[in-house]
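# Overview (structure and organization)
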Amino acid sequence: MSTDTARQEEFTGFVVDVLNKGALALLVSVGHQTGLFDTMSTLPPSTSREIAEAAHLDERYVREWLGGMVVGGVLEYEPGADTYTLPPEHAASLTNSAGVDNLAGMMQYIALMGEVEQQIVECFRNGGGVPYSAYPRFQALQAEETARVYDAALVDTIVPLAPGLTERLRDGIDVLDVGTGQGHAPIVLAQAFPRSRFLGLDQSEDGIAAARAEADRLSLDNVRFTTGDASKIDGRYDLVTAFDVIHDLARPQEVLNAIAASLRDGGTFLMGDIAASSRLEENVGHPFGPALFGFSVFYCMTTSLSTGGAGLGTVWGEQTARRMLQDAGFTDAQVRSVEGDPVNAYYVATQP
């Protein structure tokens, strides 16, 4: 079989770019965690020492990081003055003030995946999975990422995807949030809709403890949190929400069945999950395609498999989601999208 030399050289360049971008992702993660992007967004062109002092960081490390940011095309450098600048057009994707447009925080997941790489390699050889306990930072990262979305869009954009839901929440209904993590979604809703009653459910004791502490800090008396198995839901609810959790679960169909059974007549299920297709070929060209598959191999699929679960991973997509919702008894599920959020799709289903 002959080799197309031009194609080979082009692909070699592509692989080199992958290596460089992987290293750059880690550097961007460091810039986010240390506050360097936020600091630089407020500074005029500055030297490494000035930047380090403003950020209260070690100058030698800052200087090396700045070099990586310059050669990576993130920062601008003036050799004569030895100064560095974060252009405002770049700051719009890298600073906390950018809100939902801040992509720097997502780079922390690249480092998280590196922390379990050797365990994943062993899974390739021997099967099984990496347990949730191997990811002590995951829930905090997830809470940071989703909080930006919930603060900006949950009340005014996501809730109205279900017709009439805003008005019902204002009047006062019973709400369950499945896989609540650190509870930010029901806390945001509890603040916006004081007449409604909210319960957050999660298997993580640490997550529930953080959620309770946040609710106490805000003096909210209409939201509470409990640990438990989402496939065994107690009580009846007018609204059940599940954001970015169903595809991770060991027994997703059982949980969807339990959600359907817990809803009162006319109740609503609002689910946010991966905006992808169950058909591989339809994910080619997805703006976050490689990231979604990477996250699946290094977290979503493997944590489910670690408990003998379904390990849906990126098999989960609109087609699979619709089928599983229908099997749970939701025959009218509608799929909605939110502008500026290419990662998530939102499913609205009603209990007949």
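Criteria and thresholds
- Residues numbered from 1 in each chain as written.
- Predicted model: local features only at pLDDT ≥ 70, side-chain atom pairs only at ≥ 80, totals over all residues.
- Heavy atoms only, no water.
- Helix = DSSP H or I, 4+ residues; strand = E, 2+ residues; numbered from the N terminus.
- Buried < 20%, exposed > 50% of the residue type's maximum accessible area, 1.4 Å probe, protein only.
- Domains from an automatic or database assignment.
- Contact = heavy atoms within 4.5 Å.
- Salt bridge = Lys/Arg side-chain N within 4 Å of Asp/Glu carboxyl O.
- Polar contact = N/O pair within 3.5 Å; in protein donor to acceptor, adjacent residues only side chain to side chain.
- Nonpolar A, V, L, I, M, F, W, Y, C, P; charged D, E, K, R; others polar.
- Pairing = 2+ DSSP bridges.
- Axes fitted to C-alpha atoms, helices over the stretch in contact; angles between N-to-C directions.
- Core = buried A, V, L, I, M, F, W, Y, C linked by side-chain atoms within 4.5 Å.

## Examining unusual backbone geometry
Its identity as a non-glycine residue notwithstanding, His56 has a phi of 60 degrees, on the positive side. Mapped onto the elements, His56 comes out in the loop between helix H3 (48-55) and helix H4 (59-71). Judged by relative accessible area, His56 falls into the exposed class, the value being 72%. Unlike most non-glycine residues, Asp244 shows phi in positive territory, near 55 degrees.

## Regarding the domain arrangement of the protein chain
By a frequent convention, interface size equals the accessible area lost on bringing the separate parts together. What the domain assignment reports for the protein chain is domain 1 (5-97) and domain 2 (110-351). Listed by partner, the interface residues are four residues for domain 1 and four residues for domain 2. Scanning the region where domain 1 abuts domain 2 turns up zero salt bridges. For the pair domain 1 and domain 2, the interface holds one residue pair in polar contact (both at pLDDT 80 or more). Of the residues that constitute the side of domain 1 that touches domain 2, the class distribution is two nonpolar, two polar and no charged.

## Comments concerning the environment of Arg168
Take Arg168: it is sitting in helix H9 (residues 165-171). In this structure Arg168 comes out as partly exposed when scored by relative accessible area, which is 25%. The spatial distance from the C-alpha of Arg168 to the C-alpha of Gln182 is 25 Å, given a sequence separation of 14 residues. Non-local contacts of Arg168, meaning those with residues more than four positions away in its chain, are made with Ile173, Ser196, Asp238, Gly266, Gly267 and Thr268. For Arg168, the side chain forms a polar contact with the side chain of Thr268, separated by 3.1 Å.

## Some details on the environment of Arg236
Take Arg236: it is sitting in the loop between strand S5 (223-227) and strand S6 (237-243). Taking the C-alpha atoms as reference points, Arg236 and Arg264, 28 residues apart in sequence, are found 6.0 Å from one another. Sequence-distant contacts of Arg236, that is, excluding residues within four places in its chain, are made with Asp174, Ala261, Ser262, Leu263, Arg264 and Asp265. Here Leu263 takes part through its backbone oxygen, which lies 2.8 Å from a polar atom of the side chain of Arg236.

## A word on the sheet that holds strand S7 (residues 263-274)
Taken in spatial order, the seven strands line up as S5-S4-S3-S6-S7-S9-S8 in an open sheet, and their pairing is mixed. Taken across any chain shown, the strands that pair with only one partner, and hence form the sheet edges, are S5 and strand S8 (334-336). Strand-to-strand twist across the sheet, computed as the mean angle between neighbouring axes with direction ignored, equals 20 degrees. As paired strands, S8 and strand S9 (residues 344-350) are joined by three bridges and run antiparallel to one another. From the neighbouring strand, Val335 faces S9, where its bridge partner is Tyr347. Strands strand S3 (174-178), strand S4 (197-202), S5 and S6 of the sheet are contacted by helix H10 (residues 184-192), whose axis makes an angle of about 160 degrees with S5. Here helix H12 (residues 252-262) sits on the sheet and contacts S3, S6 and S7; the angle it forms with S7, its principal contact strand, is near 145 degrees.

## With respect to the pattern of salt bridges
Here the structure, examined in full by the defined rule, presents 15 salt bridges. Here Arg279 and Glu282 are joined by a salt bridge, their closest N and O atoms 3.4 Å apart. The class for Arg279 is partly exposed, based on a relative accessible area of 41%. Close ionic contact of Arg322 with Glu318 constitutes a salt bridge, the shortest N to O distance being 3.1 Å. With Arg322 and Glu318 both in helix H14 (residues 318-327) and four residues apart, the pair spans about one turn of that helix. Exposure remark for Arg322: the relative accessible area of 36% places this residue in the partly exposed category. In this structure, a network of salt bridges that share partners links the residues Asp174, Arg197, Asp238 and Arg264.

## Digging into the nonpolar core
Val178, Ile246, Ile259, Phe269, Met271 and Phe330 are the most contacted members of the largest nonpolar core, which totals 36 residues. Sorting the residues of this core by element identifies S3, S4, S6, H12, S7, H14 and S9 as the ones contributing at least two each. Other than its neighbours up to four places away in sequence, Phe269 contacts Val240, Thr241, Ala242, Leu256, Ile259, Leu263, Leu325, Phe330, Tyr347, Val348 and Ala349. Residues Ala162, Ile187, Val188 and Leu270 belong to the second largest nonpolar core, which totals 30 residues.

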